[in-house]
Amino acid sequence: MIRREAQAEPSYKALSWFQVGGLIVVLGAGALIMVLPFLWMFSSACKPPAEINKLPVTWLPQEVACQTNLDDLYDQSPRFSEYMVNTAIMTVGRLVGQFITCSLAAYGFARFKFPGRNLLFAASLGLLMVPFQAIMIPEYLLMRAISWTNTFFALIVPGSFSAFAMFLLRQSFMQIPREIEEAAEIDGANPLKILWYVVLPLSGPALAAFAVITVQAAWNDFLWPLVTASQNPRVVTIGIALLQGERKTPWNIIMMGSLLATLPMIILFILLQRYFIEGISMSGLKG
Amino acid sequence: MLRRSVTLLVLLALVTLAVPVMAQETEPTIPAAPCVAPGELTLWLWDENWAEVIGDSVELWKTEYCPDAEVTIEVNPWGQYWDLLKTAAASGDLPDIFTMSQPNAFFYIDNNALMDLEPYFEAAGIDSNLWGSGSVGPYRGADGTGLYSAPVEWVTVAVYYNKDMMDAAGLEYPTADWTWDDFAEYAAALTDEEAGVYGAEVYMEYQSGFPNWIAMTGVSPLIEADRSRCTLQDAGSIEALQFLKGLADAGYMPPPSIVGSTSPDDAFNLFKSGQLAMMSVGAWKLPQAFEELEFNWDVVTFPKNPTTGRSRSTLHAVGYSAGANAENPDLVANLIQFLVSDEGQRFFAEAGGVAPGNPNPELQQMWIDSFGDTNVNIQAFIDAIQDSQGITDFDEIDSVNNELVLNIFDLGMSVEEATAKACEVIDAYIASMSE
Amino acid sequence: MASGGTPVPLLYLTNPYVMSTLLNFFGHTPLSRRKAFWGLALVAPNLLGLFFFFGVPVIIAFATSLNEWNVLAPPVFTGLDNFGRMLGDNLFWRALGNTVKLALGVIPAEVILALGVALILNQQLPARGIFRTAYFLPVVTSSVAASVVWTWIFQPRYGLLGSLLQPFGLRDTAWLTRPELVLIPVGVVTVWQRLGFDMVLFLAGLQAIPRELYEAATIDGAGRWQRLRYVTLPLLSPTTFLVLTLLVISVFQIFDQVYIMTARTVRGGVDGSALTLPVFLYEEAFTRNRFGYASAVALGLFLIILFLTALQLWGQRLWVYYESEAPEVKA
């Protein structure tokens, strides 16, 4: 397997301890602001209802009610775990689907000349510029016309195509030296084989980036499932929206639900962050 | 025991007053009937708790009145319910039965999208006037005929107050004959600026807040009941809003930004944590209040307007509606009839949520009893029906209400200017509707 | 058409001249034709899927823009009326103006912060992984949950910000209701949520800059700032260009932040002070039942983004430095 060396960070000038300390302080302050909403979500998820709007603000719950809130969550939403599983199925389905369709298309756009190539590429990118709110109703009508409402088909199949993922992978494929593929071509391999055995193995980091972006978008998707499958299979974002009633907003339970729903994403990122950052770097984004 | 019978008596008296037709009836107010031909129906709700209770009713209908019928109950989040209903409507098909709210109903009624239930009720010998105009007025056509939604529940508004704080301030608990002036005194006495404690929050949104005060001056809040014009610039509306603004300017009421919103949910959070002594909100807060409040509290009807001498409350009812082109209208009407019947509303009455829309005194008593043995004057909500006022409001321009509140109570705009701005929007909308 | 006869267009295909013209369309040599067919075959699944599941709804939506439609009554064809109405609609211009204000605030702040953090994190620092994760976390959160949390933070008196600003007498500042302030929380949340993403793009760009250039610059006596000015920024410009392009698209599509943070008072702010175009079109459609008009606004928004993106593509030659177009610098 051919692997390109990741760029080492410039170590042309070592920083003094004083500078390192200063940078850490600045970064740390910024990082605190970045994670503050999480901490607040965490602490609210463990507050009893009476403490949610206390003055002065309590940063840590005075009375820890994680378990109570968790029980209340399952009391109000007994199928919450099922929603999480449905979300997971939808996410994996879209990931696999996009991996197939987008890696093929990215390869096609990166390496093959065909009539209308630029136009087709531009048109698919143009789809990114249409706000989803504008096509909610047509999407529903479409899903209904093919009887896909309230099925996993509606949750997975349309989400298996993506202009963004195609763009991301194309940028990465374009950076792979042509010579490597040409050698395989001379050996008589067809494009599918070259994609599978040569191009994809060279794009590991870009694929990791693609995976995190696709997974996080699918995992947090709300409007699409709401419009096409609000009942069954119901995903977790809808489950959380259902916790807020017309006349009751149990913040601690909503935050507990959001926390449960976000945790898998955080764990995934911690596991993938190294690959992800290299992946974006490989996809290059140089012209 | 005594309290119960008194309650019952008052209730009977009240129902007699409100609905003379019913007084001598011993039969069920609203009977149920067997269905003619079973089929499949879809029922849309926006509340998980209701889904449970109404689900029980539907089960009973299926065993007793319509074996072999199939009903699919679908719950959609409240925040997106109306958007989803419109999305469904775009395909030409509304769900067979769905819960409807008064400000949302006009759009569907005006576009002939809802089924008229009146002929079915007439055929079943049910007089739809038994619900009273506050409950069903907004569910009739612009000409006052037809019935496009049958009440699931009714809600009046009253003042919740913290008894412990009143004790600490050396105040006597308010009674039903208190006046606006008393209210202002209470609010002043209960405010403790240094501790961040406010005396009251009663302006809120269109249902729990300022429209009640406007109603007490004798004006139909927001919009004339015949949907002809904005009433916010009427003398009564100005009087009510000036009174409330006076309390806010004196620091007795927190501005909406500090409450967090114009929603009673946020005011309730303040109330709950002891930073607010009195707030107005509908009966729907009772379950949460019983569950979460850690101090002594009670409920009292709104104070009386010194000029009119009236204590009034807004009345709002959520209803069951059906799509105008439902595939099986007879079956739809049959299930709705059951759901609002004495038998069908039992579960609702017993669930301890909001009061069942069916005015049968037995059911209303059942609802009061559902809260168990309590000192809280739940009766206040039933008393409030006596002189209640339906609210005419359109969801399409509902944000003017909140904007009005923010302008007056947060952004320091004068009542005259804020109401003029609101009326401009409302009247323009009314004009666009009659085009 | 003659019944039973061969349909005319098919006949054309048997003509060798037509046939070869058609084939030449795909390429002039057998190899280039083969490549063209492979290319089309490879892109077909994704493009067909995109067309069917997104292109068709977009076409329907744009067709809707020529009608007056409230979803209950049948649509009425009104031609370009909706577009005329849009140009005369104060709220449309206000929403556009808000978006421009947000863009002017968010884009520079976002680029400077993301670049700054990336420059720092590109140094050898302890616990880099932890910092990267911390800065990236907001990207993976649901924007719904994030907006709810930020609503609290900005709530006067009881919110976190209020208690932090108490010493300055700003505890009770009504960030979310005052028309002149409400865009600040919206902008802050937008920057917060996107920072990690753009930081990662910059980090990647920085990692791609050849070390040799820095070494050469250092030998030539360039200081830290000079290296940043003359090496890092020019070589990073393709990344900066990409960040800007994606940022413009996303700033013009700000929805969740406004929708949720102002939902509990007046959606879109008092007097439309927090309206963005997507929120405006959503309100026109689902609250005011003007679905045709909303589609027209969507089309307008699409054209604005398209124009800005084209402008950026055109303008990039003025400031974006592409290594491939420059003399070879690699060792």
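Numbering of residues begins from 1 in every chain and follows the order in which that chain's sequence is written. Throughout, the order in which chains and ligands are written sets their labels, letters from A for the former and numbers from 1 for the latter. Only residues with pLDDT of at least 70 are given local features in this predicted model, and only at 80 or more are side-chain atom pairs given and counted; all residues enter the totals for whole chains, interfaces and linings.

J.: I would appreciate a short explanation of the overall build of chain A in the present structure.
T.: Secondary structure follows DSSP: runs of H or I at least 4 residues long count as helices, runs of E at least 2 residues long count as strands, and numbering of each begins at the N terminus. For chain A, the count of helices and strands is 13 helices and zero strands. Ordering the α and β elements of chain A from the N terminus gives α-α-α-α-α-α-α-α-α-α-α-α-α. Long-range pairs, those at least 24 residues apart, make up 76% of the contacts in chain A between residues at least 6 apart in sequence. By the convention adopted here, residues are in contact when the distance between their C-beta atoms, placed from the backbone, does not exceed 7 Å.

J.: Help me understand the overall build of chain C in this model?
T.: Check the secondary structure of chain C and you find 14 helices and two strands. Reported as C-alpha extents along the three principal axes, the dimensions of chain C are approximately 90 × 70 × 35 Å. To sort residues by burial, count the other C-beta atoms lying within 10 Å of each one's C-beta; a count of 20 or more means buried, 12 or fewer means exposed, and anything in between means partly exposed. C-beta atoms are built from the backbone. Burial statistics for chain C: of 331 residues in total, 45% are counted as buried. Here the contacts in chain C between residues at least 6 apart in sequence split such that 67% fall between residues at least 24 apart.

J.: What should I look at first to understand the sheet that holds strand 2 (residues 70-75) of chain B in this one?
T.: Consider a sheet: its strands pair through backbone hydrogen bonds, and that pairing is either parallel or antiparallel. Residues and elements named next belong to chain B. The rule for pairing is simple: two strands pair if DSSP sees at least two bridges between them. The five strands are arranged 2-1-3-10-4 in an open sheet whose pairing can be described as mixed. Looking at which strands have only one partner, the edges of the open sheet turn out to be strand 2 and strand 4 (150-151). Here strand 1 (residues 40-45) pairs with strand 2 via six bridges, running parallel. Of the residues in strand 2, the one forming a bridge with T42 is T72.

J.: What is the right way to read the interface of chain A and chain B from this model?
T.: Accessible area lost on assembly of the parts is the figure often given for the size of an interface. In this assembly, 25 residues from chain A lie in contact with 25 residues from chain B. Mapped onto the side of chain A that touches chain B, the elements with two or more residues apiece are helix 5 (136-145), helix 11 (223-228) and helix 12 (236-243) of chain A. At five residues, the largest contribution of residues to the side of chain A that touches chain B is made by helix 5 of chain A. Tallied by class, the residues present in the side of chain A that touches chain B amount to 13 nonpolar, seven polar and five charged. Classes in brief: Ala, Val, Leu, Ile, Met, Phe, Trp, Tyr, Cys and Pro nonpolar; Asp, Glu, Lys and Arg charged; the others, Gly included, polar.

J.: Got a minute to help me understand the interface of chain C and chain A in this structure?
T.: Opposite the 84 residues of chain C that make contact, chain A presents 74 residues. For the side of chain C that touches chain A, the element with the most residues is helix 3 (residues 30-64) of chain C, which contributes 21 residues. When the residues that make up the side of chain C that touches chain A are grouped by side-chain class, the tally is 58 nonpolar, 20 polar and six charged.

J.: What's the story with the nonpolar core in this structure? I'm lost.
T.: A general trend in soluble globular proteins is that nonpolar side chains are found buried together. For our purposes the nonpolar core covers buried Ala, Val, Leu, Ile, Met, Phe, Trp, Tyr and Cys residues that link as a set through C-beta atoms within 7 Å. Counting 309 residues, the largest nonpolar core has I336(B) and V297(C) as the members making the most contacts within it. Those residues within four positions of V297(C) in sequence are excluded, and the remaining contacts are M86(C), F92(C), L277(C), F280(C), L281(C) and E284(C).

J.: What's the story with the pairing of strand 3 (residues 97-100) of chain B in this structure? I'm lost.
T.: Successive residues of a regular strand alternate their side chains across the two faces of the sheet. All names here are of chain B. Along strand 3, one buried face is formed by I97 and T99 and the opposite face, lined by F98 and M100, is buried too. Pairing geometry for strand 1 and strand 3, over two bridges, is parallel. Across the sheet, residue L43 finds its bridge partner in strand 3, namely I97. Two elements, strand 3 and strand 10 (residues 319-322), share four bridges in a ladder whose sense is antiparallel. From the neighbouring strand, M100 faces strand 10, where its bridge partner is G319.

J.: Hey, could you run me through the domain arrangement of chain C in this one?
T.: Domains are outlined according to an automatic or database domain assignment. Domain annotation of chain C identifies domain 1 (8-64) and domain 2 (81-325). For domain 1 of chain C and domain 2 of chain C, the distance between their C-alpha centres works out to 38 Å.

J.: Is there a simple way to explain the domain arrangement of chain A in this structure?
T.: Residue and element names in this part refer to chain A. Segmentation of chain A into domains returns domain 1 (18-64) and domain 2 (67-283). Distance from the C-alpha centre of domain 1 to the C-alpha centre of domain 2: 30 Å. Between domain 1 and domain 2, the contact holds nine residues from the first and nine residues from the second.

J.: Help me out: how do you make sense of the packing of helix 5 (residues 90-121) of chain C against helix 11 (residues 224-252) of chain C in this one?
T.: For any two helices packed against each other, one specifies the inter-axial angle together with the distance between the axes. All names here are of chain C. Orientation of helix 5 relative to helix 11, taken along the N-to-C sense of each, is 145°, at an axis distance of 10 Å. For the crossing formed where helix 5 meets helix 11, the hand is right-handed. Of the residues in helix 11, those in contact with T99, L102, A103, V106, I107, E110 and V111 of helix 5 are T240, V243, L247, V248, V251 and F252. Axis angles are defined between N-to-C directions and span 0 to 180 degrees, where every axis is a line fitted to C-alpha atoms and, for a helix, only to the segment in contact. By the definition used in this description, the sense in which the near helix is turned from the far one sets the handedness, with an anticlockwise turn below a right angle giving left-handed and a clockwise turn giving right-handed.

J.: Could you clarify how one ought to interpret the confidence of the model for chain C in this entry?
T.: Residues shown with low pLDDT carry predicted positions that ought not to be read at fine detail. Residues and elements named next belong to chain C. What pLDDT reports is the predictor's confidence in each residue, on a scale of 0 through 100. Looking at chain C as a whole, its pLDDT mean stands at 85, while 92% of the residues score no less than 70. For residues 1-5, every residue scores under 50 in pLDDT, and the model assigns this stretch zero contacts once sequence neighbours within four places are set aside. Low pLDDT, under 50, characterises residues 326-331; the predicted model gives this stretch four contacts beyond four residues in sequence or across chains.

J.: Even after reading the chapter, I still don't get unusual backbone geometry, so can you show me in this structure?
T.: Only a minority of non-glycine residues have a phi that is not negative, and only a minority of peptide bonds are not trans. Omega for the peptide link from N232(A) to P233(A) comes to -5°, which places this bond in the cis form. With respect to the secondary-structure elements, P233(A) resides in the loop between helix 11 and helix 12. For R227(B), which is not glycine, the phi dihedral falls at a positive 60°. Position of R227(B) among the secondary structure elements: in the loop between helix 9 (210-216) and helix 10 (235-249). The exposure class assigned to R227(B) is partly exposed, which follows from the 15 C-beta atoms found within 10 Å. The phi dihedral of V71(C) is positive, around 70°, even though this residue is not glycine.

J.: Would you mind going over the packing of helix 9 (residues 183-207) of chain C against helix 11 of chain C with me for this structure?
T.: Residue and element names in this part refer to chain C. Following both chains from N to C, one finds helix 9 and helix 11 inclined at 160°, their axes separated by 9 Å at the closest point. Classed by the angle they form, the pair helix 9 and helix 11 counts as roughly antiparallel. Between helix 9 and helix 11 lies a crossing of right-handed hand. Contact with helix 9, carried on its side by T190, R194, D198, L201, F202, G205 and L206, involves L236, T239, L242, V243, S250 and V251 of helix 11 and no other residues of that element. Looking at the contact of helix 9 with helix 11 residue by residue, the class counts come to seven nonpolar, four polar and two charged. Note that the term roughly parallel is reserved for angles under 35 degrees, roughly antiparallel for angles over 145, roughly perpendicular for angles of 65 to 115, and oblique for everything else.

J.: Can you help me understand the environment of L96(C) in this one?
T.: Assignment of secondary structure puts L96(C) in helix 5. Each C-alpha atom of the pair L96(C) and L311(C) lies 18 Å from the other, and the pair is 215 residues apart in sequence.

J.: How should I be thinking about the environment of S321(B) in this particular structure?
T.: All names here are of chain B. Its location among the elements puts S321 in strand 10. With 30 C-beta atoms counted inside 10 Å, the residue S321 sits in the buried group. Spatially, the C-alpha atoms of S321 and A150 are 6.8 Å apart, while their sequence positions differ by 171 residues.

J.: Got a minute to help me understand the pairing of strand 10 of chain B in this structure?
T.: Residues and elements named next belong to chain B. Residues G319 and S321 of strand 10 are buried on one face, and the alternating residues Y320 and A322, pointing to the opposite face, are buried as well. When strand 4 meets strand 10, the two strands line up antiparallel, connected through two bridges. Opposite P151, over in strand 10, you have G319 as the bridge partner.

J.: Would you mind showing me how to read the confidence of the model for chain A here?
T.: Residues and elements named next belong to chain A. When the pLDDT values of chain A are averaged, the result is 84; 88% of them are 70 or greater. Ranking the helices and strands of chain A by mean pLDDT puts helix 6 (residues 152-156) first, with 97, and helix 13 (residues 251-283) last, with 75. Counting contacts from residues 1-12, a segment whose pLDDT is below 50, to residues more than four positions away or on other chains yields 17 contacts. Contacts of residues 279-287 to residues separated by more than four positions or lying in other chains number 41 contacts, the stretch itself having pLDDT below 50.

J.: Explain the environment of M115(B) here, please?
T.: Residue and element names in this part refer to chain B. With respect to the helices and strands, the residue M115 is situated in the loop between helix 4 (102-110) and helix 5 (118-123). With 217 residues separating them along the chain, M115 and V332 place their C-alpha atoms 9.5 Å apart. Setting aside anything within four residues of it in sequence, one finds M115 in contact with A322, G323, A324, A326, P329 and V332.

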